[in-house]
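Secondary and tertiary structure notes
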Amino acid sequence: WCELAGSAEVPGWAVLCWRHEDRTMNAPCTGELLATAPVAFAGGLALDIRVVDPAAMLAGTRRQAMWTIALVVVALVVPVIAVFLIQSVLAKERRLAALKSQFVASVSHELRAPVGSIRLMAEALHTGKVSGEAARDFHALIASEGARLSHLVENVLDVARIEEGRKRYRFEECDLTELARDAARLIDPLARERGVTISTRLSDAVATVDPHAIQQAVVNLLDNAVKFSPAGKTVELVLEAAGPAAWKLSIRDDGPGIPAAEHERIFDRFHRLGNELRREAQGTGIGLSIVKHVAEAHGGTITVDSRPGHGSTFHLTIPANPAP
């Protein structure tokens, strides 16, 4: 019996004792009696369980209670977090869907004007209603509107490539000064149409960039500056050094300015200034997001200095030799 009692598995805080009537059959058998059970096949024989370490017994109980409480808390918190995350995702998806719908409407509006102008001027030329100097002006306007359409379509295609991760850049050493000058020439017809002058101050600069992407970024910035500038004002394009191994292209306009709260959001895809009932911004809301992507792909940055009523200055900074 003593050997059986000693070999039985009991918790560390208890001891198992064989007892015959009032006499303990194995020793030591101290501690508070927790439970006892008679043994049927021997009269007066009983098996006692005595607590020898109450603190250890309570510690186990406390651990079990803590685990139970922790599981209950997790069971309550996880559904709350899940509901919050689902609502956040759904709200983001709804907002993106709304922005895309606005984007489609904006693109349709932007396409309607140049397409209508080209159609009317082409019909006038075809029917012979205009000739001489007027015909030459019509041809120039058709070319200008065609370039405007090409620029818009290229922006839309680039947004699709960026969203699908298919946008690729081809870096080569090129003349940044000439790139900036060409961008100003491309926007000049739109500027003249709106009564805005483009002023350039360009330092000699050479950098390893994707020439098409950088020119597209500068054209987007100039296009915005011209659109927001009142007639009779000047848009300034400045190219200057930004440290020993970087260049900065700055475009300044005298437009209405941008609230500080919008300085980050204007670079989001499809975002435009204003509310849904009164939309101050022109355009499709994708030009600045493309500029940001181009800047980041070159290891550079795009920032804006602006406040309402004092115009805006956008700074496109790119390293002379971006890391591969």
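Residues numbered from 1 in each chain as written. Predicted model: local features only at pLDDT ≥ 70, side-chain atom pairs only at ≥ 80, totals over all residues. Heavy atoms only, no water.

Turning next to the packing of helix α5 (residues 211–228) against helix α6 (residues 287–297). It is at 9 Å that the axes of α5 and α6 come closest, and there the two elements cross at 145 degrees. Seen from above, α5 lies across α6 with left-handed handedness. Residues Ala213, Ile214, Gln216, Ala217, Asn220, Leu221 and Asn224 of α5 form the contact with α6, whose participating residues are Gly287, Leu288, Ile290, Val291 and Val294. Among the residues forming the contact of α5 with α6, the class breakdown is eight nonpolar, four polar and no charged. (Axes fitted to C-alpha atoms, helices over the stretch in contact; angles between N-to-C directions. Helix = DSSP H or I, 4+ residues; strand = E, 2+ residues; numbered from the N terminus. Left-handed = near helix turned anticlockwise from the far one by under 90°. Contact = heavy atoms within 4.5 Å. Nonpolar A, V, L, I, M, F, W, Y, C, P; charged D, E, K, R; others polar.)

Of note, Ser306 is situated in strand β10 (residues 301–306). A distance of 2.7 Å separates a polar atom in the side chain of Ser306 from the backbone nitrogen of Ile258. The residues contacting Ser306, other than those within four sequence positions of it, are Gly257, Ile258, His263, Gly311 and Ser312. (Polar contact = N/O pair within 3.5 Å; in protein donor to acceptor, adjacent residues only side chain to side chain.)

Residues Ile69, Val72, Val73, Leu76, Val77, Ile81, Phe84 and Leu85 make up a contiguous nonpolar surface patch of about 760 Å² in total accessible area. Taking the relative accessible area as the measure of exposure, Phe84 reaches 57% and is therefore exposed. (Patch = residues over 30% accessible without salt bridge, like charges linked within 9 Å, V, L, I, M, F, W, Y side chains within 5 Å. Areas by Shrake-Rupley, 256 points an atom, 1.4 Å probe, with all protein chains shown as cover. Salt bridge = Lys/Arg side-chain N within 4 Å of Asp/Glu carboxyl O. Buried < 20%, exposed > 50% of the residue type's maximum accessible area, 1.4 Å probe, protein only.)

Right, let's get into the confidence of the model for the protein. This prediction gives the protein a mean pLDDT of 80; 76% of its residues lie at or above 70. Scored below 50 in pLDDT, residues 1–7 shows nine contacts in the model against residues more than four places distant or in partner chains. The low-confidence segment residues 275–281, where pLDDT is below 50, has 12 contacts with residues more than four positions distant or belonging to other chains. (pLDDT = per-residue confidence, 0-100.)

The next subject is the packing of helix α3 (residues 133–164) against α5. Direction vectors running N to C along α3 and α5 enclose 115 degrees, while the axes themselves pass 12 Å from each other. Pair α3 / α5 crosses with left-handed handedness. Facing α3, whose interface residues are His151, Glu154, Asn155 and Asp158, α5 presents His212, Gln216, Val219 and Asn220.

What follows is about helix α4 (residues 176–193). Given a rise of 1.5 Å per residue, 18 residues ought to cover 26 Å, and the 27 Å separating the end C-alpha atoms of α4 matches this to within 8%. Remark: the principal bend of α4, roughly 40 degrees, maps to Ile187, with a proline, Pro189, within the next four residues. Among the residues of α4, those classed as buried are Leu176, Thr177, Leu179, Ala180, Ala183, Ala184, Ile187, Leu190 and Ala191. Two to three positions downstream of the cap, the backbone nitrogen of Thr177 sits 2.9 Å from a side-chain oxygen, assigning the N-cap of α4 to Asp175. Where α4 terminates, the next one or two residues include Gly195, which has phi positive at roughly 75 degrees. (Expected span 1.5 Å × (residues − 1). Bend = angle between axes of the 7 residues up to and from the residue.)

With that settled, the discussion passes to the packing of aromatic side chains. Geometrically, a pair of aromatic rings is defined through the distance of the ring centres and the angle of the planes. Summed over all chains, the structure comprises one aromatic pair. When the ring of Phe267 is compared with that of Phe314, the centres are 6.3 Å apart and the planes differ by 80 degrees; the resulting orientation is edge-to-face. Of this pair, Phe267 sits in the loop between β9 (246–253) and α6 while Phe314 sits in strand β11 (residues 312–319); the two residues are 47 residues apart in sequence, bridging distant segments of the chain. Overall, the relative accessible area of 7% leaves Phe267 in the buried class. Residue Phe314 is classed as buried on the basis of its relative accessible area, which comes to 7%. When the ring centre of Tyr169 is taken as origin, the NZ or CZ atom of Lys167, which lies over that ring, is 5.3 Å away. (Phe/Tyr/Trp six-rings, centres within 6.5 Å; stacked < 30°, edge-to-face > 60°. Lys NZ or Arg CZ within 6 Å of the ring centre and 35° of its normal.)

Turning our attention to the pattern of salt bridges. As enumerated under the stated definition, the model contains 10 salt bridges in all. In this structure, the salt-bridge partner of Arg265 is Glu262, at a minimum N-O distance of 4.0 Å. Owing to a relative accessible area of 16%, Glu262 belongs among the buried residues under this scheme.

Moving on, we come to α5. The terminal C-alpha atoms of α5 lie 26 Å apart, and with 18 residues this matches the ideal 26 Å at 1.5 Å per residue to within 8%. In terms of residue burial, α5 counts as a mostly covered element, since 15 of its 18 residues are buried. The residue sitting at the N-terminus of α5 and contributing the capping side-chain oxygen is Asp210; that oxygen lies 3.1 Å from the backbone nitrogen of His212.

To continue, consider the nonpolar core. Core analysis: the biggest nonpolar cluster contains 47 residues, and Leu176, Leu222, Leu237, Phe314 and Leu316 have the highest contact counts within it. Counting residues per element, this core draws most heavily on α5, which supplies nine residues. Once residues lying within four places of it in the same chain are set aside, the contact partners of Phe314 are Leu221, Leu249, Ser250, Ile251, Ile258, Ile266, Phe267, Leu288, Ile302, Thr303 and Val304. (Core = buried A, V, L, I, M, F, W, Y, C linked by side-chain atoms within 4.5 Å.)

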